[in-house]
Structure formats: C-alpha cells, structure tokens
Amino acid sequence: NRLILEFKDASFYQTWSFGVFRFGEKGLSHIVLTKDGKLVGLAQVQIIRCPGLPIGIAYVSWGPMVRSSNEGPEGPHFRNMIRALRNEYVFRRRFYLRIVPQLLDSPGNAVLKEIFAEEGYSRRDSPGQNVIIDLSPTLEEIRQNMHHKWRQTLRSAEKKSLHIIEGSDDETCRLALEVVREMKNRKQFVGGNQAEIIKIQMDLPESLKLRLLVCMDDNAPTAT
C-alpha cells in the first residue's frame, strides 16, 4: 500500500486488497524494481498453477507500474520491468506470461508498444474500448459537439432537481451498489461482481480508495 502510492500509473487492480480478495495471498507474487536504492518499478502478478504439472500462468492486470512522479513512461524503467517479468516468470519459473498494461491507442503510448515488440512480446488487441474526452474546450463548445440526442437528454436532465455526491465512505458505496443492482435486475444483465468491488473498497486504506460519484434525484440515487 505504501509503495503503490509512489506511482502515477497505480490502479485499483494492482492493489493488495484486490489481489487478496480475488486470488488469495497464495495466488499472488510481486516484483519490486529498484535503481541505486530508489524504487522505479512495481508489479503485482496473479499466479495460476496447473494441478499436477510444473507449469502455470503469470498474469499482470493493469500493470506494471513505472510512472513515478519524476519519470516519464518512455524511460528505461518500463523496458527493464517487462524484462524482469519475463526473466522471472518465463525463463526461471517456466510460466506463460500475459501482461494487460494500461495502454490506450494513442500517439503518446506508441513508444511503449514498440518496447514490447522489441522485447519479444506478441500483441493482441483488446475488444474493450476506452473513450477519451478533451475537457479543455468551454462547456458551450463541448455541448455543441455532442450528438443532438445527447443534447436533448442533457437539457431534460438540467430541468430536474439533480445533484451529485462524491465520496469513498460506506454510505456512498451503498448508494452506488443500489443503482447497479437495480440496473442489472431491470436489464437482466449478468456480469461483474460489484458487491465484491465494494468489499475491496472498504478494505483499502483511505489513500487508495476509489472516488465514487452518485447522481441523486431528490433523495433517490439514479446513476453512478
């Protein structure tokens, strides 16, 4: 918990609480990379062993972490970190290694993709999508760039007595979970375990907790 706070690219999925709740302590491994006594890289690795066989899978979700407050993503630490992961889990332990990094398909991350290729990693695109919104324009410009259906919905929402609460406390978690459960029941959607996420949230120290946003219509939660 203390080490992860030193990285700008830390994520919920690399926290100790997430790893223990999801995989158990025996299913976790960690790599800490230092240079001249200074922390420069960190990774939490899920270990999946094949019963009765000396093989397994090492899985890094949303890692490794290398972006400290003083280093950019293109520095040597990223290359050394993925080398360390390969050396430890592929060459030494004879595991299959899979890394799911926090890389969006953007020009700024092109160098990181090149490093993966140069270090012998193969790549498979994720079917998931991330939407990046530029918030530097004025609110009016952002509104005008919306699809007309979105603008209509926004005008309708602005006429309601809506307000947003933000927090990481147990009550905000309860309200967010209430909205998710109602949505899943209404749409007959099966997937994800939001109750588990809330349990992990409650186990995290305050410095690592997620910030939850809940939209309230009068006193009833309507979106999160």
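For the structure, check the block above.
Description of the structure in this document.

Parameters at a glance
- Residues numbered from 1 in each chain as written.
- Predicted model: local features only at pLDDT ≥ 70, side-chain atom pairs only at ≥ 80, totals over all residues.
- Heavy atoms only, no water.
- Helix = DSSP H or I, 4+ residues; strand = E, 2+ residues; numbered from the N terminus.
- Buried < 20%, exposed > 50% of the residue type's maximum accessible area, 1.4 Å probe, protein only.
- Areas by Shrake-Rupley, 256 points an atom, 1.4 Å probe, with all protein chains shown as cover.
- Lys, Arg positive; Asp, Glu negative; His and termini not counted.
- Charge placed at Lys NZ, Arg CZ, Asp CG, Glu CD.
- 1 Å grid on protein atoms, 1.4 Å probe; cavity = no way out; pocket = protein on both sides within 12 Å on 5 of 7 lines; lining within 4 Å.
- Points joined across faces, edges and corners; volume = space filled by probe spheres on them.
- Nonpolar A, V, L, I, M, F, W, Y, C, P; charged D, E, K, R; others polar.

1. Points about the overall build of the protein
On a plain count of helices and strands, the protein comes out with 7 helices and 7 strands. Going from N to C terminus, the protein has its helices and strands arranged as α-β-β-β-α-β-α-α-α-β-α-α-β-β. Per-residue burial over the protein gives 34% buried out of 224 residues. Here the protein displays about 14,900 Å² of accessible surface, and carbon together with sulfur accounts for 53% of that area. Looking at charge distribution, the protein has the averaged site of its 32 positive side-chain charges lying 6 Å from that of its 27 negative ones.

2. A few points about empty space enclosed by the protein
With a probe scaled to a water molecule rolled over the atoms, the places where space remains empty come into view. Within this structure, the stated rule accounts for 1 cavity of 30 Å³ or more. Put simply, the largest cavity is a space of about 70 Å³. Residue lining of the largest cavity: Tyr13, Gln14, Phe18, Gly19, Phe23, Leu28, Gln44, Val45, Gln46, Tyr59 and Ser61, and that is the complete set. Residue assignment for the lining of the largest cavity shows that the elements contributing at least two residues are helix 1 (16–23), strand 2 (38–49) and strand 3 (56–61). Split by residue class, the lining of the largest cavity holds 6 nonpolar, 5 polar and no charged.

3. Let's talk about unusual backbone geometry
The omega angle of the peptide bond from glycine 63 to proline 64 is 0°, so this bond is cis rather than trans. At arginine 94, a position not held by glycine, the phi torsion is positive, near 65°. Considering the arrangement of structural elements, one finds arginine 94 in the loop between helix 2 (76–92) and strand 4 (96–100). In this structure arginine 94 comes out as exposed when scored by relative accessible area, which is 59%. Its identity as a non-glycine residue notwithstanding, aspartate 218 has a phi of 60°, on the positive side. When you line up the elements, aspartate 218 lands in the loop between strand 6 (212–217) and strand 7 (220–223).

Worth remembering: the numbers are spatial, not functional.
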